[in-house]
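# Survey of secondary and tertiary structure
Each chain is listed here by its residues.
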4 protein chains.
Amino acid sequence: MKLGMIGLGKMGFHLVLNLLEHGHEVVAHDMNPRSVAGAAEKGAIPAASLEELVAALETPRFIWVMVPAGAPLRSVVDQLPPLLEPGDIVIDGGNSHYKNSLELSEQLAAQGIRFLDVGTSGGVEGAEQGGCFMIGGEEEAFRLMEPIFRDIAVSDGYLYAGPSGSGHFLKMVHNGIEYGMMQAIAEGFELLDKSPYDYDFEQVARVWSNGSVIRSWLMELTQNAFAKDPKLEGIHGVMHSSGEGKWTVETALDLQANAPVIAMSLFMRYRSLQEDTFHGKVVAALRNEFGGHAVESAN
Amino acid sequence: MKLGMIGLGKMGFHLVLNLLEHGHEVVAHDMNPRSVAGAAEKGAIPAASLEELVAALETPRFIWVMVPAGAPLRSVVDQLPPLLEPGDIVIDGGNSHYKNSLELSEQLAAQGIRFLDVGTSGGVEGAEQGGCFMIGGEEEAFRLMEPIFRDIAVSDGYLYAGPSGSGHFLKMVHNGIEYGMMQAIAEGFELLDKSPYDYDFEQVARVWSNGSVIRSWLMELTQNAFAKDPKLEGIHGVMHSSGEGKWTVETALDLQANAPVIAMSLFMRYRSLQEDTFHGKVVAALRNEFGGHAVESAN
Amino acid sequence: MKLGMIGLGKMGFHLVLNLLEHGHEVVAHDMNPRSVAGAAEKGAIPAASLEELVAALETPRFIWVMVPAGAPLRSVVDQLPPLLEPGDIVIDGGNSHYKNSLELSEQLAAQGIRFLDVGTSGGVEGAEQGGCFMIGGEEEAFRLMEPIFRDIAVSDGYLYAGPSGSGHFLKMVHNGIEYGMMQAIAEGFELLDKSPYDYDFEQVARVWSNGSVIRSWLMELTQNAFAKDPKLEGIHGVMHSSGEGKWTVETALDLQANAPVIAMSLFMRYRSLQEDTFHGKVVAALRNEFGGHAVESAN
Amino acid sequence: MKLGMIGLGKMGFHLVLNLLEHGHEVVAHDMNPRSVAGAAEKGAIPAASLEELVAALETPRFIWVMVPAGAPLRSVVDQLPPLLEPGDIVIDGGNSHYKNSLELSEQLAAQGIRFLDVGTSGGVEGAEQGGCFMIGGEEEAFRLMEPIFRDIAVSDGYLYAGPSGSGHFLKMVHNGIEYGMMQAIAEGFELLDKSPYDYDFEQVARVWSNGSVIRSWLMELTQNAFAKDPKLEGIHGVMHSSGEGKWTVETALDLQANAPVIAMSLFMRYRSLQEDTFHGKVVAALRNEFGGHAVESAN
């Protein structure tokens, strides 16, 4: 099949490789001409503009947009409709908030354009070698695209999840679970690190990756990380986050769902961004006030 | 090799099957004669008593004790030393507290008996078809036993972790991680359950098991559970615990390690054991006191 | 001074009593004519409509709106501007989100109307006998109103906090702290309830209210609650919430601030609204899958 | 009445002042002769040794031990019994674990000596000017001592809580609540610190101390702290803990009671002791492994 790819960053570029590998034709565009050239070198049809990309596709067009959520996505999606025809399909494969996907879907539907919100998991490796795709939107549009999903996903690695927004909602929750799992693994190794034993962490992650209840891809990645740096001495424990964990907690608050573990995973990430905390200053000051406990001076 | 197995419960019995399958000779004993007969049917050498079991083994004897931690283990281990000779090896394959294993190791060492504390993971299925074994104790004793571990573990699924206690410590932390991972997965599905979408949970667990960052054995088991009961309507959400999560949190407190996620996983389990809570009553009463908010009557 | 009060619910009515007690004239309006009559009986000037209320005040008018946040507030505030003149002052004394207060302030400012967002604490008792007021908005408007705040607050119980929104922001955070304090007290009594000792909870709350580090109004209210029902046997531990705790957590997420205690207080409230949980079902099902642990049937 | 005081540290010394102020005779001993001299200057009868102290008291003797829990307490209590007579009363006024108090009580009872475990709250100020006392042990012993408690406590500030251990259990839970309250207050101010508004924290603590739902001694102390250092710039936010919060969480685990807020308060204290965390390193490494997210180098 033939498909347009807009956005040739880390994820988009590896998806292009994956699609080409499976014999699909890809018309590739990015704001950066070098990225377009890079994709062309691998066999994609280069498109210098959105107009060129649209013109190179047959109707109904399949256009996969793989750009950062928010303003970059907005900018692409605002330019597309005038170029498209009813029945064309636009896919947002990025990490958009499901409510935005729902809105976008309605906007595009008003112009007869079909929309799929696709959550993608599996990292860069998954994008190229077979990832996991959670797909929301009009079911008929999904059916037309299904051969592509079947090819780029690992076996059994795609799901038509339901109406618009359901793909990105699923991806959001997936990331919330990911936060919790990562923090759980990390707390475990912190315990080992402070334990009276001198464990070989790479070997521990290795044995836990084989036959244990907690075997998982994340544990295999933990083994890889320790293989490179046995005590992670070169790494500063600052835990950034890209927003989906926050959305998950916000959604839990809205739905009055229980999410203490996901929430605490997120708070520990925020905590890691700070060297000192104001709440710590207040508690230290209070202990001094009532008990005369000495405070440490800020340097 | 030849090995004695004391304790033919769910785990012990399946380990015996695993050992026999790999061509080892197993002398099997349990307080329940029927369990002994059951093992004998499968090819084990039955032993009606500890004495008989010990007599049927050659020195240095390998004796795997697979009974519940605490009093049952204590009872077996108190009877064994007079029957054994220096150099014999006793394995505690149960879920003992690492401090108890450390103590036991010292007691047995005083009588010349060697001790291995072995944490076992992988569930019943793992016990029979290949599990994950975390082994602490004297390294030389481990080397003598290694061919057995190699056979009963999945490939790469055993680790000599260090001195006495290190095997059970590792298993304890493993279970702490398990609590956190399970709660993270469970919170995710609670969000889906309360979401505006009507997800097919089995399919969600299936797609997350294939190619996603959170793919794991627990996610596969989640798929199995939903395959049996699509909305888990037949299951009451009471989450029992067997003590190792608690030990993990206690150890975190002792080591001043961070374990918010593991701790919250445990507290949510305790919470699930209660229909109503006293803390809830206090908060409801307080809201009534200061704000005149109505309280709900207890039945 | 002379002031209009719109909204004669629990809080509004007691504020009217408080104002009258201090010799102020109050023009009182409510959608419910009986409430207006009730206020009139206590000495307020009744107003059957907003128009009547506005007409009864001198410029610059002081109009205190004490209705629920959201739609009810919106409805009042949409009707007021055409009736008012530049320089008039509108006060929102309810529990509005600070961002809404900021917006409202700008809208009214465009019409020359001044706005104060006033967070009120101290409960019903405080409204009548002297409460705590956190005031945001134009400082000059505050200065004009200050004699009123001085009278209705307890000594030292009002603060001009800063520009628009800062009053309601402060009230929101106040409520977040309140959630945490209440949950902390409640957890303490749950521990006592499960302890091996048979404490007299009223006496415990009494002694903790006198001389201890944790003495507080909430502890005194705890004593009152136990005086009425020594073991709170008549109260169902369902903990409702009115939204400000949620806003506090959402704001913490937006500001990347640490708020684990406030967040957990909120999650425990949500948890109390459920008899059974989906996350509990998932964990129970998983324990059954890997360990063969029995699940309890949902009835 | 006449009473012996062993241990003239911060708390013991101020208790002596309090007792003298109320007309009691105090025989004072400390391992440090200077402390004894200091107490003598204030009017206490100096005792150079335990023997001297015991000899200076009439039977039944009242001996208040105010030394750190654990080894120091142990050392005093091991020396006392040979010097005492049946019917004498020993008070442990320190922060001992309630289980230790229970044991100690039994040991002393075997020698006919009566024991009271007394939890003390109110800080140094409370010790001198009137504190809060939670008293466990034999009720008759308490009755004999009650006039003393009445004098040194603030009005209504003492409670006979029940049998041995119940005083220290109550104090432990009190401290757990204290941890939660302090963290709640501290999280609130962290939110204000990160807010878009420029609050005067001293004024905020002042207004919250007057008429609000969260008014409390801790809020007054917060005001004091900000009066000294408006933004706490001179204080490093390291939150030490003296063990009772940890005991509270451990006890919650033992009793399967819910204590998420107290537990999180404690974990945030532990977190504050670390500049970098191992769990943070693991999460950062994992994000790099699956998503190619850059890690920050440890310097």
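Please read these numbers as outputs of a predicted model, since none were measured by experiment.

## Quick look at the pairing of strand S1 (residues 2–6) of chain C
Residue and element names in this part refer to chain C. Burial analysis of S1 places four of its five residues in the buried class, the great majority of the element. Sheet analysis places S1 next to strand S2 (residues 25–29), joined by five bridges and oriented parallel. Across the sheet, residue leucine 3 finds its bridge partner in S2, namely valine 26. Between S1 and its parallel partner S2, the chain crosses via helix H1 (residues 10–21), and the hand of that crossover is right-handed.

## Points about the packing of helix H11 (residues 244–255) of chain A against helix H12 (residues 260–272) of chain A
All names here are of chain A. Look at H11 against H12: their axes get within 9 Å of each other, and the N-to-C directions meet at 135°. The angle between H11 and H12 places the two elements in the oblique class. Read as a crossing pair, H11 and H12 show a hand that is left-handed. The segment H11 lies against H12, with Gly245, Lys246, Thr248 and Val249 engaging Ile262, Ala263, Leu266 and Tyr270. Taken together, the residues of the contact of H11 with H12 break down into five nonpolar, two polar and one charged.

## What about the environment of tyrosine 160 of chain C?
Residues and elements named next belong to chain C. Along the polypeptide, tyrosine 160 turns up in strand S8 (residues 153–162). A C-alpha to C-alpha distance of 30 Å links tyrosine 160 and alanine 47, two positions 113 residues apart in sequence. Polar contacts involving the side chain of tyrosine 160 include one to the main-chain carbonyl oxygen of glycine 137, which spans 2.6 Å. Among the polar contacts listed, one links the side chain of tyrosine 160 to the backbone nitrogen of glutamate 139, at a separation of 3.4 Å.

## Considerations on the sheet that holds strand S6 (residues 114–121) of chain A
All names here are of chain A. Strand order across the open sheet formed by eight strands is S3-S2-S1-S4-S5-S6-S7-S8, with mixed pairing between neighbours. In the strand order of this sheet, the two ends are held by strand S3 (45–46) and strand S8 (153–162), each with one partner. Sheet topology places strand S7 (residues 131–137) next to S8; five bridges connect them, and they run parallel. By the bridge assignment, phenylalanine 133 is partnered in S8 with tyrosine 158. Its contacts with the sheet put helix H1 (residues 10–21) on strand S1 (2–6), strand S2 (25–29), strand S4 (62–65), S6 and S7, and the angle it makes with S1 is roughly 165°. Relative to the sheet, helix H8 (residues 166–194) contacts strand S5 (89–92), S6, S7 and S8, its axis offset from that of S6 by approximately 15°.

## What to know about the interface of chain B and chain C
With 60 residues of chain B at the interface, the matching set in chain C holds 60 residues. Across the interface of chain B and chain C, roughly 5,400 Å² is buried in total on both sides, 63% from carbon and sulfur atoms. Considering only the surface of chain B that becomes buried against chain C, Phe278, His279 and Phe290 of chain B emerge as the three largest contributors, covering 14% of it. For the pair chain B and chain C, the number of links is two salt bridges. When the shortest N-O distance is used, the salt bridge between lysine 228 of chain C and glutamate 289 of chain B registers 2.6 Å. Linking chain B with chain C are 20 residue pairs in polar contact (both at pLDDT 80 or more). Residue assignment for the side of chain B that touches chain C shows that the elements contributing at least two residues are helix H6 (123–129), helix H8 (166–194), helix H10 (217–228), helix H12 (260–272), helix H13 (278–291) and strand S9 (296–297) of chain B.

## Details of the interface of chain B and chain A
Contacts between the two partners involve 69 residues from chain B, matched on the other side by 69 residues from chain A. Regarding the contact of chain B and chain A, the summed buried area is about 6,000 Å², with carbon and sulfur atoms giving 72% of it. The tally of links between chain B and chain A comes to two salt bridges. Aspartate 156 of chain A is the partner of arginine 206 of chain B in a salt bridge, and the nearest nitrogen-oxygen pair spans 3.8 Å. Taken together, chain B and chain A are joined by 20 residue pairs in polar contact (both at pLDDT 80 or more). Looking at the side of chain B that touches chain A, the elements with two or more residues in it are helix H5 (98–109), strand S7 (131–137), strand S8 (153–162), H8, helix H9 (201–208), H10, helix H11 (244–255) and H12 of chain B. Among the elements that make up the side of chain B that touches chain A, the one with the highest residue count is H8 of chain B (18 residues). Class assignment of the residues belonging to the side of chain B that touches chain A gives a composition of 38 nonpolar, 24 polar and seven charged.

## Comments concerning the sheet that holds S2 of chain C
Residues and elements named next belong to chain C. The eight strands are arranged S3-S2-S1-S4-S5-S6-S7-S8 in an open sheet whose pairing can be described as mixed. Either end of the sheet is taken by a strand with one partner, and the two such strands are strand S3 (45–46) and S8. In the sheet, strand S5 (residues 89–92) pairs with strand S6 (residues 114–121) via four bridges, with the strands oriented parallel. The residue bridging isoleucine 89 from the neighbouring strand is arginine 114, located in S6.

## Observations concerning the relation of the copies chain B and chain A
Mapping chain B onto chain A leaves a residual RMSD of 0.0 Å; the transformation is a rotation of 180° accompanied by 0.0 Å of translation along its axis. The superposition operator between the copies reduces to a two-fold rotation axis. Closest approach to the rotation axis within chain B is made by the C-alpha atom of serine 216 of chain B, at a distance of 1.9 Å. A share of 100% of interface residues in chain B that are also interface residues in chain A marks the association as one of identical surfaces.

## A few points about the relation of the copies chain B and chain C
Between chain B and chain C, which share one sequence, the superposing operator has a rotation angle of 180° and an axial displacement of 0.0 Å; the RMSD is 0.0 Å. Of the interface residues in chain B, 100% have counterparts in chain C that sit at the interface too, so the contact is made through matching surfaces.

## Some thoughts on the UniProt feature "domain: 6-phosphogluconate dehydrogenase C-terminal" (unreviewed entry) in chain A
UniProt feature "domain: 6-phosphogluconate dehydrogenase C-terminal" (unreviewed entry): in the numbering of this structure it lies at residues 167–294 of chain A. For residues 167–294 of chain A, the helix share is 68%, the strand share is 2%, and the end-to-end C-alpha distance is 53 Å.

## Overview of the nonpolar core
In this structure, Trp208 of chain A, Trp208 of chain B, Trp208 of chain C together with Trp208 of chain D are the most contacted members of the largest nonpolar core, which totals 232 residues. Setting aside its immediate chain neighbours within four residues, tryptophan 208 of chain C contacts Phe189, Leu192, Ile214, Arg215 and Met219 of chain C together with Cys132, Met134, Leu170, Val173, His174 and Ile177 of chain D.

## Quick notes on the pattern of salt bridges
Following the criterion strictly, the structure yields 64 salt bridges over all chains and no others. One salt bridge connects glutamate 58 of chain B with lysine 2 of chain B, and the closest N-O pair in it is separated by 3.2 Å. Here glutamate 58 of chain B, found in the loop between helix H3 (50–55) and strand S4 (62–65), pairs with lysine 2 of chain B, found in strand S1 (residues 2–6); they are 56 residues apart in sequence, far enough to count as distant. A relative accessible area of 53% places glutamate 58 of chain B in the exposed class. For arginine 74 of chain C, the salt bridge goes to aspartate 78 of chain C, with nearest N and O atoms at 3.3 Å. With arginine 74 of chain C and aspartate 78 of chain C both in helix H4 (residues 71–79), this residue pair falls four residues apart, about one helical turn. For arginine 74 of chain C, a relative accessible area of 33% translates into the label partly exposed. For aspartate 78 of chain C, a relative accessible area of 47% gives the class partly exposed.

## Here's the deal with the packing of aromatic side chains
All names here are of chain A. Counted according to the given criterion, the structure contains 72 aromatic pairs over all chains. Measuring from ring centre to ring centre gives 5.0 Å for phenylalanine 189 and phenylalanine 226, while their planes differ by 45°; the resulting arrangement is tilted. One end of the pair, phenylalanine 189, is in helix H8; the other, phenylalanine 226, is in helix H10 (residues 217–228), and 37 residues separate them in sequence. There is no split in this pair, since phenylalanine 189 and phenylalanine 226 are both buried. Here the aromatic residues Trp64, Phe133, Phe142, Phe149, Tyr158 and Tyr160 are joined through ring pairs into a cluster of three or more. Over the ring of phenylalanine 201 we find lysine 231, and its NZ or CZ is 4.2 Å from the ring centre.

## Quick notes on unusual backbone geometry
In this structure, the amide linkage connecting threonine 59 of chain A to the following residue, proline 60 of chain A, adopts the cis form with an omega of -10°. Note on placement: proline 60 of chain A falls in the loop between helix H3 (50–55) and S4. A positive phi is found at aspartate 156 of chain B, a non-glycine position, where the angle reads about 70°. If you trace the backbone, aspartate 156 of chain B turns up in strand S8. Overall, aspartate 156 of chain B belongs to the partly exposed group, its relative accessible area being 44%. One non-glycine residue, glutamine 256 of chain D, lies in positive phi territory at about 50°. You can see glutamine 256 of chain D is positioned in the loop between helix H11 (244–255) and helix H12 (260–272). Judged by its relative accessible area of 32%, glutamine 256 of chain D is partly exposed.

What counts, and where the lines are drawn
- Within every chain, residues take consecutive numbers counted from 1 along the sequence as written.
- The order in which chains are written sets their letters, starting at A; the order in which ligands are written sets their numbers, starting at 1.
- It should be noted that, the model being predicted, local features are given only for residues of pLDDT at least 70 and side-chain atom pairs only at 80 or more, the latter also being counted only at that level, while totals for whole chains, interfaces and linings use all residues.
- Processing note: side-chain calculations cover all non-hydrogen atoms of the structure and skip hydrogens and water entirely.
- Buried means the residue's accessible area, taken with a 1.4 Å probe over protein chains only, is under 20% of the maximum for its type, while exposed means over 50%, and partly exposed covers the values in between.
- Put simply, DSSP H or I for four residues or longer makes a helix, DSSP E for two residues or longer makes a strand, and each gets a number counted from the N terminus.
- For two strands to be treated as a pair, DSSP must find no fewer than two bridges joining them.
- The handedness of a crossover follows from its direction of travel: if, with the strands pointing away from the viewer, the path from the first strand over the helix to the second runs clockwise, the crossover is right-handed.
- In this analysis an axis means a line fitted to C-alpha atoms, helices contributing only their contacting stretch, and an angle means the value between N-to-C directions, from 0 to 180 degrees.
- Our angle categories are set so that under 35 degrees counts as roughly parallel, over 145 as roughly antiparallel, 65 to 115 as roughly perpendicular, and the remainder as oblique.
- Take the far helix as the reference: if the near one is turned anticlockwise from it by less than a right angle, the crossing is left-handed, and if turned clockwise, right-handed.
- Between two residues, a contact is recorded if the distance between any of their heavy atoms is within 4.5 Å.
- The residue classification treats Ala, Val, Leu, Ile, Met, Phe, Trp, Tyr, Cys and Pro as nonpolar and Asp, Glu, Lys and Arg as charged. All others, Gly included, are polar.
- Pairs of N or O atoms are called polar contacts if they sit within 3.5 Å, as long as, within protein, a hydrogen donor faces a hydrogen acceptor (for residues adjacent in sequence, only side-chain-to-side-chain pairs).
- A 1.4 Å probe defines the accessible area here, and the buried area is the portion of it lost by two parts on being joined, summed over both.
- The rule for a salt bridge is simple: a side-chain nitrogen of Lys or Arg has to be within 4 Å of a carboxyl oxygen of Asp or Glu.
- To superpose the copies, least squares is applied to the C-alpha atoms of every residue with a pLDDT of at least 70 in both.
- UniProt positions are given in the numbering used here, feature names are shortened, and annotations may be inferred rather than shown by experiment.
- To define a nonpolar core, start from buried Ala, Val, Leu, Ile, Met, Phe, Trp, Tyr and Cys residues and group those joined through side-chain atoms within 4.5 Å.
- By convention, a stacked pair of Phe, Tyr or Trp rings (six-membered ring in the case of Trp) has centres within 6.5 Å and planes under 30 degrees apart, an edge-to-face pair has planes over 60 apart, and any other such pair is tilted.
- Note on geometry: a ring has a charge over it if NZ (lysine) or CZ (arginine) is within 6 Å of the ring centre and within 35 degrees of the ring normal.

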